[in-house]
Amino acid sequence: MKPMPWILLGGLLFGAGELRAQWAISPRGVGMGNTGVVTESGIFGLFSNPANLGWSDRAGRLMLALGTLSGGLDADLFPKAVYDRYFTRGESIGPDQAEEVLARWFGSRTEQSLYAEGGLMPIGIGLRGEKLSVGLALRSRVLFLQQMSRGWLDLLLRGTSPDRELPLDARSQLWHYTEAVLGISVPLWRHENGALYLGVAPRLVWSMTYGEGQVRSTLAITAGGEEILHRYRIEVRTAGELTRRWNALLDDRPAPEGWKPLQSTGSGWGGSVGLAYRGGGWTFGVALNDLGRVRINREAQQSTNRKGQFLYQGMHIDPDVLKARFQNDLGEYLRAFWEDSILGTHYRDFDRQSGSFSVSLPTHLQFGLARQLARSLQVNAAFSMGLEDMAPPAALGLGLEYRLGSERFFFPLRAGVQLGGHVPWSVTAGVGLVNSRFLDLDWALLLHPGADAGYRVRLALGMITLRF
């Protein structure tokens, strides 16, 4: 049926979902298994544990970070090993093999997801003092999530035969926002070999591009595919540019020209709070990050489908209409049938209401520890857990760093593993291309190499970090 792909690709292109922010921001944190709660110090602690503003294992009280960039993709929605095995050999897939493909693709789960993220911290500056440490940073992020239920692949593989009922669910979310973060860290308690720090990092958040959508539906196939009943509920929330493009799609007119990615669609607040202890070769940290909400109010719109079901009982061609209106062009007749009679009447018929709505930041909890085993060797462990549906799945990170060289100039080697999260496991690695007492240039890679479970890859690059 033609309407089904349209629902997914059109109405849910920017469609409701759960945005899932990653745990670590700096190359050091990513390279050591996403253990940023105890490894990201100085200005990078603003986004993982603001208490870490108060300490550093490097010289210098003033820290300036320019151009910290990260990006990632998690995709259990597309297990390439399964795709290569069944779809690249030019062989047809029969009913028995279709069940095998479905079992390998989805396993015991009813839906799979694709998550992508890109982030840029163009500038961050921190000042570390004995009694008070402060930091200020600007960060811009783009987050995208797409989820699809098992029924879509079932329909693709077996078509409208045999008789059965399929769940056809999908949800997605796209969000671009910028945040200005101001953090402080103070020592709560000191002793000869260590100190306990408290940090808070309130932030202002400006939303730019925003859109989310959700379809919940079932497709009942009977009479050998001659009768198909689709029951569905579609909800879409958009703002700014995406509202204009969504309305153009519904009204079957050309999309507006140009794109204004920096146009604000709303604002709100957020914050993080954390504790960190450092002493005797040990570091402990716990942080509650990304508390807060954003109010979306610029050209904000909520859309809900008017009709809730569509019954297809075959197509009957009217020869008089075919001749008079379409000059016996069967292709144009079929196109008009689907677009005018089906899409326009059922899947493009929405109630649209203007009005603001709120979106929560992905609140999550992290805690971890690090141990300095020798002057050049550190090992770390951290556990992370989402406290809302939109936060990432629980994960355990383990990592280590070994420094070749001296304190004034060294070459760090970093490695780790993350268990859990979007895929069962991931390996991580990172190096410092230039690391001296005053200057860092780092990169890191987090990778799940791809098998039946899907893919996960994340890159982080620290352009320039200066210390004075």
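Residues numbered from 1 in each chain as written. Predicted model: local features only at pLDDT ≥ 70, side-chain atom pairs only at ≥ 80, totals over all residues. Heavy atoms only, no water.

Things to note about the overall build of the chain
Note the cut-off: Labels follow the DSSP assignment, with helices taken as runs of H or I lasting at least four residues and strands as runs of E lasting at least two, numbered in each case from the N terminus. Burial classification: accessible surface area is computed with a 1.4 Å probe over protein chains only, and a residue below 20% of its type maximum counts as buried, one above 50% as exposed, and the rest as partly exposed. Residue burial considers only the protein chains on display, and all accessible areas are found by Shrake-Rupley using a 1.4 Å probe.
Of the regular secondary structure elements, the chain holds nine helices and 20 strands. Relative to its full complement of 468 residues, the chain shows a buried share of 50%. Summing over all exposed atoms, the chain offers an accessible surface of approximately 20,300 Å²; the carbon and sulfur share of this is 61%.

Digging into the pattern of salt bridges
It is possible for side chains of opposite charge to pair when their charged atoms get near one another. The condition that has to hold: When a carboxyl oxygen of Asp or Glu is within 4 Å of a side-chain nitrogen of Lys or Arg, the pair counts as a salt bridge.
Taken as a whole and judged by the stated rule, the model has 29 salt bridges. Arg203 is the partner of Glu179 in a salt bridge, and the nearest nitrogen-oxygen pair spans 3.3 Å. On the criterion of sequence distance, the pair formed by Glu179 in strand S5 (residues 170-191) and Arg203 in strand S6 (residues 194-222) is long-range, its members being 24 residues apart. The burial state of Glu179 is the same as that of Arg203; both residues are buried. As a salt-bridge pair, Arg237 and Glu212 come within 2.5 Å of each other at their nearest N and O atoms. Separated by 25 residues along the polypeptide, Arg237 in strand S7 (residues 227-239) and Glu212 in strand S6 bring together distant segments of the chain. Relative accessible area serves as the criterion here: at 22%, Arg237 is assigned to the partly exposed category. Among the residues examined, Glu212 registers a relative accessible area of 6% and is labelled buried.

Digging into the pairing of strand S16 (residues 395-405)
Each regular strand carries side chains that alternate between the two faces of the sheet. Counted only if it meets this: In short, DSSP must find at least two bridges between two strands for them to pair.
With eight bridges joining them, strand S15 (residues 377-386) and S16 adopt antiparallel strand pairing. From the neighbouring strand, Ser384 faces S16, where its bridge partner is Ala395. Here 11 bridges tie S16 to strand S17 (residues 409-420), and the two strands are oriented antiparallel to one another. Following the sheet pairing, Glu401 is matched in S17 by Arg414. Between S16 and S17, which follow one another and run antiparallel, lie three residues.

Overview of the nonpolar core
What counts, and what does not: Here, the term nonpolar core denotes a set of buried Ala, Val, Leu, Ile, Met, Phe, Trp, Tyr and Cys residues that are joined through side-chain atoms within 4.5 Å.
Leu168, Leu219 and Ile234 are the most contacted members of the largest nonpolar core, which has 20 residues in total. For this core, the secondary structure elements donating two or more residues are helix H6 (150-158), S6, S7, helix H7 (241-250) and strand S11 (309-312). No other element matches the four residues that S7 contributes to this core. Trp175, Tyr210, Val294 and Phe357 belong to the second-largest nonpolar core, a separate cluster that totals 14 residues.

Comments concerning the confidence of the model for the chain
Inclusion rule: Each residue gets a pLDDT score, which is the predictor's confidence in that residue and runs from 0 to 100. Contacts are residue-level and defined by heavy atoms, with any inter-residue pair within 4.5 Å sufficient.
Per-residue confidence for the chain gives a mean pLDDT of 82; residues scoring 70 or more make up 84%. In the model of the chain, helix H1 (residues 3-11) stands out as the element of lowest mean pLDDT, 35, in contrast to strand S8 (residues 266-279), which has the highest, 96. With pLDDT under 50 throughout, residues 1-18 is counted as low confidence; its partners more than four residues away or in other chains account for 73 contacts.

Some words on the packing of aromatic side chains
To describe a pair of aromatic rings, one takes the distance between the centres and the angle between the planes. Definition in use: The criterion for an aromatic pair is that two Phe, Tyr or Trp rings (for Trp, the six-membered ring) have centres within 6.5 Å, with stacked assigned to planes under 30 degrees apart, edge-to-face to planes over 60 apart and tilted to the rest.
Inspection of every chain in the model, using the stated rule, returns 11 aromatic pairs. Both rings, one in Trp175 and one in Tyr210, keep their centres 5.6 Å apart while their planes meet at 90°; by these two values the pair is edge-to-face. Of this pair, Trp175 sits in strand S5 while Tyr210 sits in strand S6, and the two are 35 residues apart along the sequence. Exposure remark for Trp175: the relative accessible area of 0% places this residue in the buried category. Ring geometry for Trp246 versus Phe350: centroids 5.3 Å apart, planes at 80°, classification edge-to-face. Remark: Phe350 occurs in strand S12 (residues 350-354) and Trp246 occurs in helix H7; sequence separation between them is 104 residues.

Some remarks on the environment of Leu365
Mapped onto the elements, Leu365 comes out in strand S14 (residues 364-374). A residue is classified by how much of its surface remains accessible, and Leu365, at 23% relative accessible area, is partly exposed. A sequence separation of 317 residues divides Leu365 from Ser48, and the C-alpha atoms of the two residues are 9.6 Å apart. Not counting chain neighbours up to four residues away, the residues in contact with Leu365 comprise Val286, Ala287, Leu288, Phe383, Ser384, Met385 and Leu387.

Some remarks on the packing of helix H5 (residues 95-106) against H6
Where we set the bar: Every angle, taken between N-to-C directions, lies between 0 and 180 degrees, and every axis is a line fitted to C-alpha atoms, over only the stretch in contact when it is a helix. When describing relative orientation, an angle under 35 degrees is termed roughly parallel and one over 145 degrees roughly antiparallel, while 65 to 115 degrees is termed roughly perpendicular and anything else oblique. In this scheme the crossing of two helices becomes right-handed for a clockwise turn of the near helix relative to the far one and left-handed for an anticlockwise turn of less than a right angle. Residues are sorted three ways: Asp, Glu, Lys and Arg are charged, Ala, Val, Leu, Ile, Met, Phe, Trp, Tyr, Cys and Pro are nonpolar, and all the rest, Gly among them, are polar.
Relative orientation of the contacting elements H5 and H6 amounts to 155°, with a least axis distance of 10 Å. Taken together, the axis directions place H5 and H6 in an arrangement best described as roughly antiparallel. Judged by the twist between their axes, the crossing of H5 over H6 is right-handed. Between H5, through Ala98, Glu99, Val101, Leu102, Ala103, Trp105 and Phe106, and H6, the contact on the second element is made entirely by Arg150, Leu153, Asp154, Leu157 and Arg158. Residues of the contact of H5 with H6, tallied by class, amount to eight nonpolar, no polar and four charged.

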